[in-house]
Amino acid sequence: MLLSQLPKGTVAEIHSVAHPQEDMQRQLLALGFDPGETVQLMTKAPFGHSLQIKVGSTLVAIHSDDANHIHLCD
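Everything numeric here is computed off the predicted structure, so don't read it as measured data.

So, the overall build of the protein
- A tally of regular secondary structure across the protein gives 2 helices and 5 strands.
- The secondary structure elements of the protein, listed N-terminal to C-terminal, are β-α-β-β-β-α-β.
- Whereas a compact globule of 74 residues would reach a radius of gyration of roughly 11 Å, the protein reaches 11 Å, a difference of no more than 12%.
- Seen along its three principal axes, the alpha-carbon backbone of the protein occupies a region of about 30 × 25 × 20 Å.

What follows is the structure in structure tokens.
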């Protein structure tokens, strides 16, 4: 499952991050989107373009297109 598909309020574990843009890959990892870390979808902006994600104990807002490159454990 992709992070962009995670139902609101559900907690999941990151399996991998594979963004095709190297700078965005580094930024996601710097924000804490590391394999093994837990994530939870807190809110979706209207039209679903921006997601508020709890990564560990930190709240982060990312675009849904970037969330499509974060793979979660089954």
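So, next bit.
Focus: the pattern of salt bridges
- Considering all chains together, one arrives at 1 salt bridge under this definition.
- A salt bridge links R26 to E22, with the shortest nitrogen-to-oxygen separation between them at 2.8 Å. Taken as a pair, R26 and E22 lie in helix α1 (residues 22-30) at a separation of 4 residues, close to a single helical turn.
- Classification of E22 as exposed rests on a relative accessible area of 58%.

Quick notes on the rules
Numbering of residues begins from 1 in every chain and follows the order in which that chain's sequence is written. Only residues with pLDDT of at least 70 get local features here, since the model is predicted, and only at 80 or more are side-chain atom pairs given and counted; chain-wide, interface and lining totals rely on the full set of residues. As a convention, hydrogens and water are excluded, and side-chain values are obtained from all of the structure's heavy atoms. The numbering of helices and of strands both runs from the N terminus, where a helix is a DSSP run of H or I of at least 4 residues and a strand a run of E of at least 2. Using C-alpha atoms as the atom set, the radius of gyration is obtained and then compared with a globule rule of 2.2 Å times the number of residues to the power 0.38. Here a salt bridge means any side-chain nitrogen of Lys or Arg lying within 4 Å of a carboxyl oxygen belonging to Asp or Glu. Three labels apply to residues, based on accessible area from a 1.4 Å probe with only protein chains included: buried if under 20% of the type maximum, exposed if over 50%, partly exposed otherwise in between.

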